[in-house]
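# Understanding the architecture of this molecule
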Amino acid sequence: KYRRHRAGFLRSFWELSIRTFTNVIRNPYLLALNYIATFVVSFLTGLVFHHLPFTFDGLQDRLGIFFFSFLFFGMTSLSSLGIWREERLLFLRERASNTYTTGPYFLAKVLCDILPLRVLPPIIYSAMVYWHAGLHDDPYNFFIFVAIVTLV
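Cut-offs used in this document
Residues numbered from 1 in each chain as written. Predicted model: local features only at pLDDT ≥ 70, side-chain atom pairs only at ≥ 80, totals over all residues. Heavy atoms only, no water. Helix = DSSP H or I, 4+ residues; strand = E, 2+ residues; numbered from the N terminus. Rg over C-alpha atoms; globule rule 2.2 N^0.38 Å. Buried < 20%, exposed > 50% of the residue type's maximum accessible area, 1.4 Å probe, protein only. Contact = heavy atoms within 4.5 Å. Polar contact = N/O pair within 3.5 Å; in protein donor to acceptor, adjacent residues only side chain to side chain. Salt bridge = Lys/Arg side-chain N within 4 Å of Asp/Glu carboxyl O.

### Considerations on the overall build of the protein chain
Looking only at helices and strands, the protein chain features 6 helices and 0 strands. Going from the N terminus to the C terminus, the protein chain shows its helices and strands as α-α-α-α-α-α. Computed over the C-alpha atoms, the radius of gyration of the protein chain is 20 Å, more than 25% above the 15 Å expected from 2.2 N^0.38 for a compact globule of 152 residues. Taken across its 152 residues, the protein chain has 32% of its residues classed as buried. If you take every contact in the protein chain between residues at least 6 apart in sequence, the share linking residues at least 24 apart comes to 75%.

Shown next as structure tokens:
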């Protein structure tokens, strides 16, 4: 049988966004540490890989930038696994009681949790490292680098 959900899509999205944003704000150290670590690591990476030469050694060093960037953001994204695991039970219970559907929950999670914690730090990192390391002086290649680092 079809059971109607208690709240509509927009109302569910609004309430879930407020709850998710409150959870992000409730733990300001996670947000601050994420941005501070991004600034510090990008500054140090920029210093280590400052204006690489266009030789074979410079090519190897550029590959090191890519490897380190992917490794750094791959490891920082592991911090969200515990949050998803803890919230899974709450989501299953609320969904079973027809409080909301999966769509508003996922959208609220993406906009209020993933965007500030998983999308903005790679963009900041890429903006600081890409030009400092002397990679291709082309905006198109920069946006490809940003997209790949963000997706990692």
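Moving on from the coordinates now.
### Section: the environment of Asn-34
As for its position among the elements, Asn-34 is in helix α2 (residues 28–48). Overall, the relative accessible area of 12% leaves Asn-34 in the buried class. Residues Asn-34 and Arg-118, 84 residues apart in the sequence, show an inter-C-alpha distance of 9.1 Å. Once you skip the residues sitting within four places of it in the chain, Asn-34 turns out to touch Leu-117, Arg-118 and Pro-121. Polar side-chain contacts of Asn-34 include one of 3.1 Å to the backbone oxygen of Leu-117.

### As for the side chain of Glu-94
Within the secondary structure, Glu-94 is located in helix α4 (residues 81–96). Among the polar contacts made by the side chain of Glu-94, one reaches the side chain of Tyr-100 at a distance of 2.5 Å. In contact with Glu-94, other than residues within four places in its own chain, are Arg-19, Thr-99 and Tyr-100.

### Quick word on the side chain of Lys-109
With respect to the helices and strands, the residue Lys-109 is situated in helix α5 (residues 102–132). Those residues in contact with Lys-109, other than ones at most four positions away along the chain, are Thr-20, Ile-83, Trp-84, Glu-87 and Ile-114.

### Some words on the pattern of salt bridges
For the coordinates displayed, the defined rule picks out 4 salt bridges. We note a salt bridge from Glu-94 to Arg-19, for which the minimum N-O separation is 3.0 Å. Of this pair, Glu-94 sits in helix α4 while Arg-19 sits in helix α1 (residues 9–26), and the two are 75 residues apart along the sequence. A relative accessible area of 26% means that Arg-19 is categorised as partly exposed. One salt bridge in this structure joins Glu-87 and Lys-109, with 2.8 Å as the shortest N-O distance. Of this pair, Glu-87 sits in helix α4 while Lys-109 sits in helix α5; the two residues are 22 residues apart in sequence, bridging distant segments of the chain. As far as the burial class goes, Glu-87 and Lys-109 line up, both buried. Here the residues in one salt-bridge network are Glu-87, Lys-109 and Asp-113, joined through shared partners.

In short, geometric facts, not functional conclusions.
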